[in-house]
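Commentary on secondary and tertiary structure
Spelled out, the chains give:
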Amino acid sequence: MSASTETRVPEAAKRTTAGWSQSLHDWVTTVDHKRLGILYIAAGFFFLVIGGVEAILMRAQLAVPANTLLEPQEFNRLFTMHGTTMVFLVGMPIITGFGNYLIPLMIGARDMAFPRLNAWGFWMFLLGGIVLYMSYFASMGLYGAGTAPDVGWFAYAPLAGKAFSRGNATDYWILGILISGFGSVSGAINMVTTTLTMRCPGMKMNRLPLFVWMMLVVSFLILLALPVLTGAQVMLLFDRFMGAHFFDTQAGGDAVLWQHFFWFFGHPEVYILMIPGFAYASEIIPVFSRKVIFGYSFMVAATIAIGLVAVGVWAHHMFTVGLGKGLSVWFAVMTMIVGIPTGIKLFNWIATLYGGKILLRTPMLFCIGFIGQFLVAGLSGILLSGAPLNWQLSDSYFVVAHFHYVLIGGLVFTIFGACYYWFPKMTGRMLSERLGRWHFWLFFVGFHLTFTTMHVQGVLGMPRRIYTYPAERGWEVWNAISSSGAILQALGVAVFLFALVQAFRRPQWAGPDPWNAWTLEWSTSSPPPAYNFLTIPEVRSRRPLWDLKHPDDPDWEHE
Amino acid sequence: MSSSRHRERRFGKRARPQARARASRAFLGLLAGQGVAQADAGGGTPSLFLPVAEPAQSILDYGTLLVLICAVIFVVVMGLLALTVVRFRASAVDDGEEPPQIYGSDQLELAWTVVPVLIVIVLGLITAGRIVALQKDTPPAGSLAVRVVGHQWWWELEYPDHGFVTANELHLPLGQVAFLELESEDVIHSFWLPQLSGKLDVIPNRTNTMWIEPQKTGMFVGQCAEYCGTQHANMLLRVFVHAPEDFERWVRDQQQEARRVAAHAEGRALFATTACVNCHTVRGLSEIGSFGPDLTHLMSRTTLAAGAAVNDEARLVDWLTDPDHIKPGARMPAMKLSDAQIARLAGYLSSLE
Amino acid sequence: MDSEALASPAEGLSLPAPTSAPLYLAVGLALMLVSLVTSVLFVWAGGGLALWGAVGWWREMFPEEAKEFVPAQAESERAPEIVPVPGHVRNLVVGEGGHRVRLPLEYHPYSAGLKGGIAGGLAMALVAGVHGWLTQGSAWHVFNGFALIVLPFFGVAPGPELAGFHAGIALSAAVVHVVLSLLIGLVYASVLPMLPGHPRLWGGIVAPLVWTGAGFVSIELVEPGAAESIQWTVFIVLQIVFGMTAGEVISRSERVKTLQSFPLVARAGFEVDIEGDEL
């Protein structure tokens, strides 16, 4: 064993002498969970910019009625790529990235359980994304039809079948997601194993930071849901390449079967994306309220409850297919039940704030915005769960408003919060507080201009996924407001990117613990050394750094 | 019925926001070039808040209840959040002290678990009741049967009891329940008339059923609500609700065979001898075509190409010359006819009243 | 574990060595899949790369895991020891022994809530039955009225038929009634002690009025006209009967101190004298 260690050049030495090619080589061959985490997050933000540009093009097209900026097919490709990108190439890698970076640090481990699998997972995800975007250049196929896929991000059969989607565009969609799906599943296996087996001494399950608990639930959901999607996509490939008829309605296949498969994945996927948002908020809110999280065990129980209920509500995406009375009632009630554990979480966050000393720094601003917006998302979700009302609102702009409240108002806000919170740990530099405030307010106002108004378009009868709409429908004003909000959101993101650049051009050093926080990642240097902890820490409570900072009043006396 | 009195009082007098819409459109027209060929023959806003039929009215009532409950929750929770943030903001001067650490309260957790459980129980029961009450699996006695077939990208509407087929514009009598059977020829569509009924998907290999009981005469718009390909956006739908005697007259007109006007004999011959007849039926001339809309009474419809354009002779010429000009990606091919032929054909088609 | 064995932590640690094998495997697999839409050549190219990656990966792990030695950070780069800041945590004035109480300090036992719920539910049913019997000659009317919400399942319209006995309706009404009574009893037991003022006011008057109002709006919206068939004064009286009874039963129960207000030793099971309390 000692032989293998001696033959390698020490990494620190490499870093000092290396040029850019050596450093590129280091990043490409790395198996360090921190570097892979950063790669995941960076790739996620790269695709976020692409997906954002797609969104802005769509909003430009819809700003006025009967616009001719985009051809119908171009618009259809844009919303397909936008949805697919944001879910699979932005949401998934960023949540995996933060999980990768933080789980070992939070549980006092030196790496993930399977460091090489971790690297493989990242490359599979990235290649999946590349394959998806290759469709813009390479999918002319035998029939010369299409460039990027135009079947919508849930690719309903039979529209995605061979008969209605010719050329290879849809195949690129299938393959891209299938490949990145392998990455997600391997990442989930890694996170589960790491959490269950690599906790430092004293880190019992009931002392795990809530972040780690929630990522554990997310990982189980990924393991449960993604294989279903992969399976369904393989079936669709069989249909398209080998003449199978699973979803081929012209040969007696079943169009609704695809919807069941897709949403059996798709609904848990919503929680896969949303629970990490809860995870970031559950770490940030206590630190900036200077209080311990309120009702730790209830937070854990609520997360597990959400995970369990998440797999029993998928057909609420399908209230309009004619489910019949029994199934409609079942899925409506199950969906309403989701409101109970999510309500518990909201109340616990507010109770954590209550009586605290609330510091409105940028991460906290994003988290408070998140609480309010997630409340609205939850309530519009209750409206949508009422099946009779869903018959009206489903597939309208109300639904678009609802899930953007969840995914932007909920997830993206907490992701930005997490970026401001953990960026100092990852790089040793602070992000500018002033730019952070600009970012928050621009994005906040833009978000509400765009998506709050979409509720109105929905109840005024505007269906989603239309590239144009006639004048005289009464939708013009609302669409114009929506589109103008998109500009503000883009400005907000631009400010964020500028803040990232600033952090490197004019560094403001952070030190190991800039927020006076309580979890283990703040006990090591920023950025942490490759081995995280020189000596593995030992913990006695959920907030080990609190214990060290307040030895006369440690947590373990009270838990 | 006392309930219908309620409704008139509550919803009858609200003015449509058309004037406002027109003004804003004029303003926005400055921002980008107005495109070609949108059907501008009125229509108004298909708002859920202006129901003109059952079950849309019942759904709105149910929805209002949900909205009220959610509004109360919103005010309570948002109020708590706002008060908390304002009251417990750290003061500008840091006293260096940590606030009291409070771990939790089983009683509070119990309270904010059980209260939502109570709400869910009540809401679940109400919802279940509404689902059962608003779905009808079999046609009620004395209902009007209509068969709706979704195509890429238009609606085929068949009145089986009356023996004719039309397209894109549904005519219904006031006060009579219409029982719709929804089927699809190709991909999944969704039939949505916000002011009359909730939407229901139109799925190949399946027959879904829905019912509508119009309570107000007039023209109301809707459209396909499930993404169905290139021209999903221009798969519009219109409903005309008539007084019963007007509906009877419309039915009698539709049952006639296509008009033969001597002046358009050439156009008719052209229609019968080109590929038109492969896809389109004109009763009394050729009944083999079923891929495109039935044209027997084309001019009785107000729009062309499922609402993509106003239906008049000029638009017909445009449409026959190049369908992509009006509806890019439409399944109808440009027939490459000469201008003279197109003029004759358009003349014939515009005689099909 | 290996890492500790390899070197003393003071000098540095051995970590899994960087490797390009996973990248080769990933590219290879992706190329093989993409061959479906490109060229069959990619199967061979991808297969080769994947094999190369798989073998490389295997060699990373066997016969022994490849490690890289990472020297420890210089002392100056390390995070400094965390400095204790004693005495900087504010206390709540309430509470015994520890300031990090779980609130409230005292609560009614949950069993009291359940008992209160049952008592309230029974009292309500009793009053309703007697009232129905006196005014309508049938105790069932009120029961059935209560089940208004589930009527659509039985295809019964609100109206005169409601006077008779309907097994399905009576049973569902009973189930809904019992469940709601128990749950509301539980909420009362946990929340009433925390509210300012007298619990009877909140539990007996305010809460029933609130949900009567909510009930009226719901019924009016869901089944327009049906609200007229309900005698709202009776309805309110019934709710207040429930609230008063449940609140009374609960507030008579012994209050229990929350364990968290006890000092650690007491919670750990040692017998200690706690001022003014008996364990």
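Treat the numbers as computed from the prediction; the structure is a model and nothing was measured.

Okay, the overall build of chain A next. A count of helices and strands for chain A gives 17 helices and 0 strands. A globule of 559 residues ought to have a C-alpha radius of gyration of about 24 Å, and chain A, at 24 Å, matches this closely. If you line up chain A on its principal axes, its C-alpha atoms span 70 × 55 × 45 Å. Across the 559 residues that make up chain A, the buried fraction comes to 70%. The contacts of chain A with a sequence gap of at least 6 include a subset with a gap of at least 24, amounting to 80%. Summing over all exposed atoms, chain A offers an accessible surface of approximately 16200 Å²; the carbon and sulfur share of this is 70%. Each charge sign in chain A was given a centre, from 34 positive and 28 negative side chains, and these centres are 5 Å apart.

On to the overall build of chain C. From N to C terminus, chain C includes 10 helices and 4 strands. Starting at the N terminus, the α and β elements of chain C follow one another as α-β-α-α-β-β-α-α-α-α-α-α-β-α. For chain C, the proportion of its 279 residues judged to be buried stands at 39%. Restricting to contacts in chain C with at least 6 residues of sequence separation, those with at least 24 account for 66%.

Turning our eyes to something else, we now look at the pairing of strand S9 (residues 208-214) of chain B. All names here are of chain B. In terms of burial, S9 is a largely internal element, 5 of the 7 residues being buried. The pairing of strand S1 (residues 53-54) with S9 spans 2 bridges and is antiparallel. Across the sheet, the residue bridging to Glu54 is Glu213, located in S9. Two elements, strand S6 (residues 178-184) and S9, share 5 bridges in a ladder whose sense is antiparallel.

The partner chain B presents 103 residues to the 106 residues of chain A that form the contact. Both faces considered, chain A and chain B share a buried interface measuring about 8900 Å² in area, 67% of it formed by carbon and sulfur atoms. Of all residues in chain A, the largest losses of buried area upon contact with chain B belong to A:Trp391, A:Gln392 and A:Glu472, amounting jointly to 9% of the total for that side. Taken together, the connections running from chain A to chain B amount to 2 salt bridges. Put simply, B:Asp137 and A:Lys325 hold a salt bridge, and the shortest N to O gap is 3.8 Å. Taken together, the links from chain A to chain B amount to 30 residue pairs in polar contact (both at pLDDT 80 or more). Those elements that provide at least two residues to the side of chain A that touches chain B are helix H5 (72-107), helix H9 (255-289), helix H10 (296-310), helix H11 (325-353), helix H12 (362-385), helix H13 (387-393), helix H15 (433-459) and helix H16 (476-505) of chain A.

Quick look at the side chain of B:Asn168 now. Residue and element names in this part refer to chain B. Along the chain, Asn168 falls in the loop between strand S4 (164-167) and strand S5 (169-173). There is a polar contact of 2.8 Å between the side chain of Asn168 and the backbone nitrogen of Trp155. Beyond its immediate chain neighbours, meaning those up to four positions away, Asn168 contacts Trp154, Trp155, Leu157, Leu236, Leu237, Arg238 and Ala306.

Attention shifts here to the sheet that holds S6(B). All names here are of chain B. Sheet architecture is open: 6 strands sit in the order S1-S9-S6-S2-S3-S4, paired in mixed fashion. Each having just a single partner strand, S1 and S4 make up the two edges of the open sheet. Against the sheet, helix H5 (residues 244-255) touches strand S2 (144-151), strand S3 (154-159) and S4, its axis set at about 100 degrees to S4.

Residue and element names in this part refer to chain B. Pairing is mixed in the open sheet, where 3 strands are placed in the order S5-S11-S10. Looking at which strands have only one partner, the edges of the open sheet turn out to be S5 and strand S10 (218-223). Each strand axis lies, on average, 25 degrees off the axis of its neighbour in the sheet, ignoring direction. Direction of pairing for S10 relative to strand S11 (residues 236-242): antiparallel, over a ladder of 6 bridges. For Gly222, the partnering residue across the bridge sits in S11 and is Leu237. In the packing of H5 onto the sheet, contacts are made with S5 and S11, and the angle to S5 comes to roughly 135 degrees.

Taken together, the side chains of A:Val234, A:Phe238, A:Phe241, A:Met242, A:Phe246 and C:Leu36 define a hydrophobic patch exposed on the protein surface, amounting to about 510 Å² of accessible area. When you line up the elements, A:Phe246 lands in the loop between helix H8 (210-242) and H9. Here A:Phe246 falls in the partly exposed class, since its relative accessible area comes to 34%.

Another aspect to go through is the pattern of salt bridges. This model, assessed by the stated rule, comprises 17 salt bridges over all chains. Close ionic contact of A:Lys34 with A:Asp32 constitutes a salt bridge, the shortest N to O distance being 3.2 Å. As far as the burial class goes, A:Lys34 and A:Asp32 line up, both buried. A salt bridge links A:Asp555 to A:Arg543, with the shortest nitrogen-to-oxygen separation between them at 2.7 Å. Note that A:Asp555 is positioned in the segment after helix H17 (544-549) and A:Arg543 in the loop between H16 and H17, a separation of 12 residues in sequence. Bridged by salt links that share partners, the residues A:Arg116, C:Glu60 and C:Glu65 form one connected network.

Attention now goes to the nonpolar core. A general trend in soluble globular proteins is that nonpolar side chains are found buried together. Residues A:Phe98, A:Phe211, A:Trp422 and B:Phe191 are the most contacted members of the largest nonpolar core, which totals 274 residues. Take this core: its biggest share by element is 20 residues, from helix H14 (residues 397-427) of chain A. Core analysis: the second largest hydrophobic core is formed by 24 residues, B:Ala308, B:Ile342, B:Leu345 and B:Leu352 among them.

So, about the packing of aromatic side chains. A complete count under the given rule lists 74 aromatic pairs over all chains for this structure. Summarising the aromatic geometry, the rings of A:Phe246 and A:Phe247 are spaced 6.2 Å apart at their centres and angled 50 degrees between planes, so their arrangement reads as tilted. The ring of A:Trp556 is capped by A:Arg540, whose NZ or CZ atom sits 3.7 Å from the centre of that ring. Its guanidinium or amino end placed over the ring of B:Trp192, B:Lys199 lies 3.8 Å from that ring's centre, counting from NZ or CZ.

Residue and element names in this part refer to chain A. Contact geometry for H5 and H9: axes closest at 11 Å, N-to-C directions at 45 degrees. Between H5 and H9, the angle is such that the two are oblique. Considering how the two elements wind past one another, H5 and H9 form a crossing that is left-handed. The segment H5 lies against H9, with Val87, Phe88, Gly91, Met92, Ile94, Ile95, Phe98 and Met106 engaging Phe265, Glu269, Ile272, Leu273, Pro276, Tyr280 and Glu283.

In this section: unusual backbone geometry. Of note, the bond from B:Gln152 into B:Trp153 is cis; its omega dihedral lies within 30 degrees of zero at 0 degrees. Position of B:Trp153 relative to the elements: it lies in the loop between S2 and S3. Non-glycine residue A:Ala155 carries a positive phi angle of around 40 degrees. Among the structural elements, A:Ala155 can be located in the loop between helix H6 (115-138) and helix H7 (169-197). What makes A:Ala155 buried here is its relative accessible area of 0%. Not every positive phi belongs to a glycine, and A:Glu472 is a case in point at roughly 70 degrees.

One can find B:Glu109 in helix H4 (residues 106-134). The buried category is assigned to B:Glu109, whose relative accessible area is 0%. In this structure B:Glu109 touches A:Phe294, A:Gly295, A:Phe298, A:Ile344 and A:Asn348, once residues within four positions along its chain are discounted.

The next point concerns H14(A). All names here are of chain A. When the local axis directions of H14 are compared, the greatest deviation, roughly 40 degrees, occurs at Tyr421, which is followed within four positions by the proline Pro424. Of all the 31 residues making up H14, 29 are buried; the element is thus mostly covered by neighbouring parts of the structure. A positive phi of about 80 degrees marks Gly428, the residue just after H14.

Once that is clear, we can look at a negative patch on the surface. Residues A:Glu71, A:Glu74, B:Asp322 and B:Asp324 make up a contiguous surface patch of negative charge. The class of B:Asp322 is partly exposed, set by a relative accessible area of 33%.

Bringing the confidence of the model for chain C into the picture now. All names here are of chain C. When pLDDT is averaged across chain C, the result is 74; 65% of the residues are at 70 or more. Element-level pLDDT for chain C is lowest in helix H1 (residues 2-6), with a mean of 43, against a maximum mean of 95 in helix H2 (residues 21-34). Counting contacts from residues 93-101, a segment whose pLDDT is below 50, to residues more than four positions away or on other chains yields 26 contacts. Within the model, the stretch residues 272-279 combines pLDDT values under 50 with 10 contacts to residues more than four positions away or in other chains. Here the prediction assigns the complex a pTM of 0.88, and the interface score ipTM is 0.90.

What counts as what
Residues numbered from 1 in each chain as written. Chains lettered and ligands numbered in written order. Predicted model: local features only at pLDDT ≥ 70, side-chain atom pairs only at ≥ 80, totals over all residues. Heavy atoms only, no water. Helix = DSSP H or I, 4+ residues; strand = E, 2+ residues; numbered from the N terminus. Rg over C-alpha atoms; globule rule 2.2 N^0.38 Å. Buried < 20%, exposed > 50% of the residue type's maximum accessible area, 1.4 Å probe, protein only. Contact = heavy atoms within 4.5 Å. Areas by Shrake-Rupley, 256 points an atom, 1.4 Å probe, with all protein chains shown as cover. Lys, Arg positive; Asp, Glu negative; His and termini not counted. Charge placed at Lys NZ, Arg CZ, Asp CG, Glu CD. Pairing = 2+ DSSP bridges. Buried area = accessible area lost by both parts, 1.4 Å probe. Salt bridge = Lys/Arg side-chain N within 4 Å of Asp/Glu carboxyl O. Polar contact = N/O pair within 3.5 Å; in protein donor to acceptor, adjacent residues only side chain to side chain. Axes fitted to C-alpha atoms, helices over the stretch in contact; angles between N-to-C directions. Patch = residues over 30% accessible without salt bridge, like charges linked within 9 Å, V, L, I, M, F, W, Y side chains within 5 Å. Core = buried A, V, L, I, M, F, W, Y, C linked by side-chain atoms within 4.5 Å. Phe/Tyr/Trp six-rings, centres within 6.5 Å; stacked < 30°, edge-to-face > 60°. Lys NZ or Arg CZ within 6 Å of the ring centre and 35° of its normal. Parallel < 35°, antiparallel > 145°, perpendicular 65-115°, else oblique. Left-handed = near helix turned anticlockwise from the far one by under 90°. Bend = angle between axes of the 7 residues up to and from the residue. pLDDT = per-residue confidence, 0-100.

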